[in-house]
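Residues per chain, in single letters:
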Amino acid sequence: MLSFLEEMQNREKGQIFCWLFNIGIEKEWYTDRFRVKNPEEDRVVNHMEEILLLLSRKQDILLLRREPDARFLKEWQELGFAVPEIICPDKEDETKTITQLILEDGKALKSLKGRAYRENICLIPYGVTDSEVELAKLCCMEMIGSTPVVTKRTNSKLYAKQLVERLSLASPVGKICVGFDEIQKEWYCLHKRFGRIVLKRPYGASGQGLYLIENETQLDRVLHVLKRSGGENEKWIVEGWYEDKTDLNTQIYICDDGRIEMLSIKEQILEDTVYKGSAFPADLPGDRVNQYAGYMKAVGNKLYREGVRGIVGIDSIMTDREMFPVIEINVRFTLSTYLSMMPVQFLNRYFCSMYYRVTLSDDWSYTVLTEKLKRVGLAFDKDRKEGIFCYNHACIDRNIVGKTGRLFVIFVAKQREGLWNLRFELEKLLKEAKE
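Below you will find a few notes about this structure.

Rules of the game
- Residues numbered from 1 in each chain as written.
- Predicted model: local features only at pLDDT ≥ 70, side-chain atom pairs only at ≥ 80, totals over all residues.
- Heavy atoms only, no water.
- Helix = DSSP H or I, 4+ residues; strand = E, 2+ residues; numbered from the N terminus.
- Rg over C-alpha atoms; globule rule 2.2 N^0.38 Å.
- Buried < 20%, exposed > 50% of the residue type's maximum accessible area, 1.4 Å probe, protein only.
- Contact = heavy atoms within 4.5 Å.
- Lys, Arg positive; Asp, Glu negative; His and termini not counted.
- Charge placed at Lys NZ, Arg CZ, Asp CG, Glu CD.
- Phe/Tyr/Trp six-rings, centres within 6.5 Å; stacked < 30°, edge-to-face > 60°.
- Lys NZ or Arg CZ within 6 Å of the ring centre and 35° of its normal.
- Disulfide = S-S within 2.5 Å.
- Pairing = 2+ DSSP bridges.
- Axes fitted to C-alpha atoms, helices over the stretch in contact; angles between N-to-C directions.
- Expected span 1.5 Å × (residues − 1).
- Arc of directions from axis to C-beta.
- Core = buried A, V, L, I, M, F, W, Y, C linked by side-chain atoms within 4.5 Å.
- Salt bridge = Lys/Arg side-chain N within 4 Å of Asp/Glu carboxyl O.

1. Details of the overall build of the chain
Line of reasoning, step 1. Per the secondary structure count, the chain includes 15 helices and 17 strands.
Line of reasoning, step 2. Over its C-alpha atoms the chain spans a radius of gyration of 22 Å, differing by no more than 12% from the 22 Å that the globule rule assigns to 435 residues.
Line of reasoning, step 3. Seen along its three principal axes, the alpha-carbon backbone of the chain occupies a region of about 55 × 50 × 45 Å.
Line of reasoning, step 4. Counting the 435 residues in the chain, one finds 57% classified as buried.
Line of reasoning, step 5. Intrachain contacts of the chain at a sequence separation of at least 6 include 69% that bridge at least 24 residues.
Line of reasoning, step 6. Positive and negative side-chain charges of the chain, numbering 65 and 66 respectively, have mean locations separated by a distance of 1 Å.

2. Topic: the packing of aromatic side chains
Line of reasoning, step 1. Under the definition given, this model contains 20 aromatic pairs.
Line of reasoning, step 2. Ring geometry for W19 versus F333: centroids 6.3 Å apart, planes at 85 degrees, classification edge-to-face. Placement of W19 in strand β1 (residues 16-20) and of F333 in the loop between β14 (323-330) and α12 (342-345) is noted, with a sequence separation of 314 residues between them. The two residues W19 and F333 agree in class, both being buried.
Line of reasoning, step 3. A ring pair is formed by F72 and Y366, whose centres lie 5.8 Å apart and whose planes are at 85 degrees; its orientation type is edge-to-face. One end of the pair, F72, is in helix α3 (residues 70-78); the other, Y366, is in helix α13 (residues 366-375), and 294 residues separate them in sequence. Each member of the pair, F72 as well as Y366, carries the same accessibility label: buried.
Line of reasoning, step 4. Among the aromatic residues, ring-to-ring pairing joins F72, W76, F81, F346, Y366, F380 and F389 into one connected group.
Line of reasoning, step 5. Between K266 and the ring centre of F280, over which it is positioned, the NZ or CZ distance is 5.4 Å.

3. Details of the state of the cysteines
Line of reasoning, step 1. What the rule picks out here adds up to zero disulfides.
Line of reasoning, step 2. We note that C189 lacks a disulfide partner, and the nearest cysteine sulfur, in C177, lies 9.8 Å from it.
Line of reasoning, step 3. According to the relative accessible area criterion, C189 is partly exposed, its value standing at 43%.

4. Here we look at the sheet that holds strand β10 (residues 246-254)
Line of reasoning, step 1. Taken in spatial order, the eight strands make up an open sheet running β14-β13-β10-β11-β12-β15-β17-β16, and their pairing is antiparallel. A single partner strand is all that each edge strand has here, and the edge strands are β14 and β16 (387-390). Between one strand axis and the next, the sheet turns through 30 degrees on average, direction left out of account.
Line of reasoning, step 2. Here β10 pairs with strand β13 (residues 310-318) via nine bridges, running antiparallel. Paired with D247 across the strands is I317, a residue of β13.

5. Concerning the sheet that holds strand β7 (residues 197-200)
Line of reasoning, step 1. Taken together, four strands build an open sheet; the order of strands is β6-β9-β7-β8 and the sheet is antiparallel. The open sheet has two edge strands with one neighbour each: β6 (174-178) and β8 (210-213). Ignoring which end each strand starts from, the neighbouring axes of this sheet average 20 degrees apart.
Line of reasoning, step 2. Here β7 pairs with strand β9 (residues 235-240) via four bridges, running antiparallel. Counterpart to K200 in the pairing with β9 is I237.
Line of reasoning, step 3. Together, β6, β7, β8 and β9 form the strand contacts of helix α9 (residues 179-190), whose direction differs from that of β6 by roughly 160 degrees.

6. Here we look at α9
Line of reasoning, step 1. Between its terminal C-alpha atoms α9 stretches 17 Å, which fits the 16 Å expected from 12 residues at 1.5 Å a residue.
Line of reasoning, step 2. Looking at α9, one finds that the buried residues are G179, F180, I183, E186, W187 and L190. Down the axis of α9, the smallest arc covering the buried residues is 135 degrees, so these residues share one side. Away from its buried face by more than 90 degrees, α9 exposes D181 and K185.
Line of reasoning, step 3. Check the buried side of α9 and you find it contacts β6, β7, β8, α10 (216-228) and β9.

7. Overview of the nonpolar core
Line of reasoning, step 1. Within the largest apolar cluster, 74 residues are counted, with the highest numbers of intra-cluster contacts made by W19, W76, F389, L407 and F411.
Line of reasoning, step 2. Tallying contributions element by element places strand β17 (residues 404-413) first for this core, with seven residues.
Line of reasoning, step 3. Once you skip the residues sitting within four places of it in the chain, W19 turns out to touch F4, M8, L52, L55, S56, D60, I61, L62, L63, I124 and F333.
Line of reasoning, step 4. Formed by 24 residues, the second largest nonpolar core is a distinct cluster that contains L248, M323, V326 and V331.

8. Some remarks on the pattern of salt bridges
Opposite charge on two side chains permits them to pair, given that their charged atoms come into close proximity.
Line of reasoning, step 1. All told, the structure shown has 28 salt bridges when counted by the stated rule.
Line of reasoning, step 2. Linking E7 and R57 is a salt bridge whose minimum nitrogen-to-oxygen distance equals 3.6 Å. Of the two residues, E7 is situated in helix α1 (residues 4-9) and R57 in the loop between α2 (39-46) and β2 (61-63); the sequence distance between them amounts to 50 residues. Exposure class is identical for E7 and R57. Each is buried.
Line of reasoning, step 3. Of the charged contacts, one joins R259 and E261 as a salt bridge, the two residues approaching to 3.7 Å between their closest N and O atoms.
Line of reasoning, step 4. Accessibility expressed as a relative area gives 8% for E261, which makes it buried.
Line of reasoning, step 5. Taken together, the salt bridges that share partners define one network made up of R153, R166, K302 and E306.

9. Structural notes on the pairing of β13
Line of reasoning, step 1. With nine of nine residues buried, β13 lies mostly within the body of the structure.
Line of reasoning, step 2. Pairing between β13 and β14: five bridges, direction antiparallel. Looking at the pairing, M318 lines up with M323 of β14.
Line of reasoning, step 3. Hairpin geometry of β13 and β14 is characterised by an intervening segment of four residues between the two adjacent antiparallel strands.

10. Side note on the environment of R423
Line of reasoning, step 1. You can see R423 is positioned in helix α15 (residues 416-434).
Line of reasoning, step 2. Of the residues examined, R423 reaches a relative accessible area of 22% and is grouped as partly exposed.
Line of reasoning, step 3. As a C-alpha pair, R423 and Y304 span 119 residues in sequence and 39 Å in three-dimensional space.
Line of reasoning, step 4. When near neighbours in sequence (up to four residues on either side) are disregarded, R423 contacts I269, M354, Y356 and F411.

Set out below in structure tokens:
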């Protein structure tokens, strides 16, 4: 594939993609001693897979854990999105990745092989491990992405920190520490300048493996937990936490011939270290956008030379005086990636995605929410191309995720200010539902 942008803009024909949401691949890169297992949370994360519908086209294939709700798919088509062929494994097992489930399902494999025999199909996973390579090979599909070895190496936060140094780019104050004594020493040094210090382990997504430490009591508590978990000689990143900043995420596509395609620049909405949503296009002065784009191209060129291919997400920070182009590199898809083609779907609009934790009941469900949005005039209007729509049903289905779910919504407006008005009105409804 020569150009991801051109391929995605051509919605009616072209290369057939097989989309796969194998989120959680970081678990295959280390023995996670520092994370308390939460089966309910893992179930919700697994069923975020319906986000694939934002990118898929009619000719494509979706590999999902279960068939989406029929009403949700009908409403999705009414919004102007395509619903492709959906293949699901017969077995449900939340402890396994979707890739593993497909590999163990003879019927699903037969369906994939049948289409691959007739058509040229390209597998696009969330991230690449040996399992996705096996699936592509078994079903005679090509695959977009880096090799498993390159993916693991370049997804490390240690790699990102070292890459910044090799490119002589500005980086947050801090360093890589080995062992708890070095962590403690660096924390005291940085705390003279910063109110909070962030401690990062090499791998982790959505805030996992990140510890914000404000005082000595918190430092002692975190170090106590980490010492009990082992890992005395592990490497950690210790950096100052910049309070007054703009968090950015840039999605690039690294082509096989070395071209770097800029897919989007979004402003990240964070709750301390946890991703909550994105606003885009990012509201940045033109001169800073040009400077930032130049940094992204330089980083992309370096990644290409080190074997990276396909989708890459780069997190950055801007303050009034400083720009840190690379905070983290994700050589895989992120939740933000799947939103990147919204400006192609709806021209000349501003967008904001958010997710909210919600308690599910008969009085609070997908149906109740969508009907309420329609009654109060907040639901997405196909003619005006403005309003709110939910892009995931499974995560607010009690039969799938239990009592606690996540509401994933997108706000669409003609003006940037309209996004915040829509968000305010929705959050008011959510607050009323709790009372």
